[in-house]
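Geometric and topological summary
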Amino acid sequence: MTSPFRRFHRTVSRAARRFAAVAAAAVGAALLAGSPAQAAPPLEKVEGFANPGALDMYVHRPADLPDGAPVIVALHGCTQTAQEYADHSGLVELADQEGLLLVFAEQRTANNFNRCFNWFQGGDIARGRGEVASIRNMADHAAAEFGADADRVYATGLSAGGAMTTALLAAYPDAFQAGGVMAGLPYKCATSMIDAFTCMNPGKDKSPEEWARLAASGHPSWEGPWPRVAVWHGTADYTVVERNADELRDQWTAVHGLGQTPDRTSTLEPNGTRREEYLAGDGTVAVQVNRVPGMGHGTPVRPGSGPEECGQSGQYFPDTICSGRHLLRFFGLQE
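Not measured: the values here are computed from a predicted model. (Residues numbered from 1 in each chain as written. Predicted model: local features only at pLDDT ≥ 70, side-chain atom pairs only at ≥ 80, totals over all residues. Heavy atoms only, no water.)

Glancing now at the overall build of the protein chain. Each helix and strand counted, the protein chain has 11 helices and 10 strands in total. Expressed as a percentage of the 335 residues in the protein chain, the buried residues total 56%. Partitioning the contacts of the protein chain with sequence separation of at least 6, the portion at a separation of at least 24 is 68%. When the accessible surface of the protein chain is summed, it comes to about 13100 Å², and 49% of that surface belongs to carbon and sulfur atoms. (Helix = DSSP H or I, 4+ residues; strand = E, 2+ residues; numbered from the N terminus. Buried < 20%, exposed > 50% of the residue type's maximum accessible area, 1.4 Å probe, protein only. Contact = heavy atoms within 4.5 Å. Areas by Shrake-Rupley, 256 points an atom, 1.4 Å probe, with all protein chains shown as cover.)

Following this line, the structure appears as structure tokens:
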């Protein structure tokens, strides 16, 4: 935090101070470290979907998109745009390789001044309402418009986008098969903006059973199966602290009726990311937690053209490991 900000910090109320601290951290997300070496092609804006949350919709379609392609919904972090997330996350290059349809939702400043998805507002995370309904409608519209497979829809997002990913999985377990949560938070961790800051840092501690009840409240009549969840979190994340990875694990293992002791652990190259896997009765990985050592807040990427590389580094896109490629494997979309 800079000296000028500290001077400002002393002039505002306690609640405003907490908002300013989070806003300052979020502003950095827009100040990417220069233009990416290989920016993604411009995304295609799409209209004509039911949009109660007043969001913008963009897609990336590979030139040779096959009929019945899977759909991945991607949600940016605060102050970012859909194009910035496309440029850096590595998802576009992976979609081109694997024949995937990408849907990028974008927040409007009219909804949230810092372009954060409103993951802490009840009206935006409840089934059939607000932003979460808009995003679900985007996926349906994209599948119908571009001939993709509405039965193979996945979601991923960073920070506020990661928290909104958990909202999609809880509110629409009938529509999303799996999700990837990058530096995100559990569903219904917060119910107001002020409460959101506590969830982010220092985090909230609830029992797995409490978290599971909150997740199940997203679609109370749903009896399963629940979406599978992969969590990615930096061990040096002080914006959304690593404790949230533990609480996400607790929420989604409990939803799946699993314990919180991993069935398998491993270490990933090239940077020693620690992986924990929680297996369903049929042996599939229901919940996966990836802890990236020494990484701060962001979506991990590994620039390059090698088989384990993807993305373009920048602020909040740290050069550590190609999480996008691992995510596709978790989704079952790549060997």
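A few words now on the packing of helix α6 (residues 130-146) against helix α7 (residues 160-171). The N-to-C vectors of α6 and α7 enclose an angle of 75 degrees; their axes lie 10 Å apart at closest approach. The orientation of α6 with respect to α7, classified from their angle, is roughly perpendicular. Two secondary-structure elements touch here, α6 through Glu 131, Val 132, Ile 135 and Arg 136 and α7 through Met 164, Ala 167, Leu 168 and Ala 171. (Axes fitted to C-alpha atoms, helices over the stretch in contact; angles between N-to-C directions. Parallel < 35°, antiparallel > 145°, perpendicular 65-115°, else oblique.)

On to the environment of Asn 290. By the secondary structure assignment, Asn 290 is in strand β10 (residues 285-292). C-alpha of Asn 290 to C-alpha of Ser 266: the two residues are 24 residues apart in sequence and 9.6 Å apart in space. Not counting residues up to four positions away in its chain, the partners in contact with Asn 290 are Val 231, Trp 232, His 233, Leu 268, Thr 273, Arg 274 and Arg 275. A polar contact is formed between the side chain of Asn 290 and the side chain of Arg 275, at a distance of 2.7 Å. (Polar contact = N/O pair within 3.5 Å; in protein donor to acceptor, adjacent residues only side chain to side chain.)

This next bit is on the pairing of strand β7 (residues 228-234). A large share of β7 lies buried, amounting to 6 of its 7 residues. Bridge count for strand β6 (residues 178-182) against β7 is 5 bridges, and the pairing is parallel. Each residue of the ladder has a partner; that of Ala 178, found in β7, is Arg 228. In this structure, β7 lies alongside β10, joined through 6 bridges in parallel fashion. (Pairing = 2+ DSSP bridges.)

Now for the sheet that holds strand β2 (residues 56-60). If you walk across this open sheet you meet the 10 strands as β1-β2-β4-β3-β5-β6-β7-β10-β9-β8, and the pairing is mixed. Looking along the sheet, the strands with just one partner apiece sit at the ends: β1 (44-46) and β8 (264-268). Across this sheet, the average inter-strand angle for adjacent strands is 20 degrees, counted without regard to direction. As paired strands, β1 and β2 are joined by 3 bridges and run antiparallel to one another. Looking at β2, one finds that Val 46 is bridged to Met 57. Contacts between α6 and the sheet are confined to β1, β2, β3 (71-75), β4 (101-106) and β5 (153-158), with β4 contributing the most and set at about 145 degrees to the helix. Across the sheet, helix α11 (residues 323-331) touches β3, β5, β6, β7, β8, β9 (273-279) and β10, and the angle it forms with β6 is around 155 degrees.

This paragraph deals with the pairing of β2. Most of β2 sits out of view: 5 of its 5 residues are buried. Side chains of β2 alternate between two faces, with Asp 56, Tyr 58 and His 60 and Met 57 and Val 59 buried alike. Inspection of the sheet shows β2 paired to β4 by 5 bridges, in the antiparallel sense. Residue His 60 lies in a different strand from β4, and its bridge partner there is Leu 102.

Another aspect to go through is the confidence of the model for the protein chain. Detailed reading of the predicted coordinates is not advisable wherever pLDDT falls low. Mean pLDDT over the protein chain stands at 90; residues scoring 70 or higher make up 89%. Of all helices and strands in the protein chain, the one with the weakest mean pLDDT is helix α1 (residues 3-9) (30), whereas β7 scores best (99). Here residues 1-37 scores under 50 on pLDDT; set against residues more than four positions off or in separate chains, the count is 45 contacts. (pLDDT = per-residue confidence, 0-100.)

Turning our attention to the side chain of Arg 249. Relative to the assigned elements, Arg 249 resides in helix α10 (residues 243-255). When neighbours within four sequence positions are excluded, Arg 249 is seen to be in contact with Ala 254, Gln 260, Glu 276, Tyr 278, Val 289 and Arg 291.

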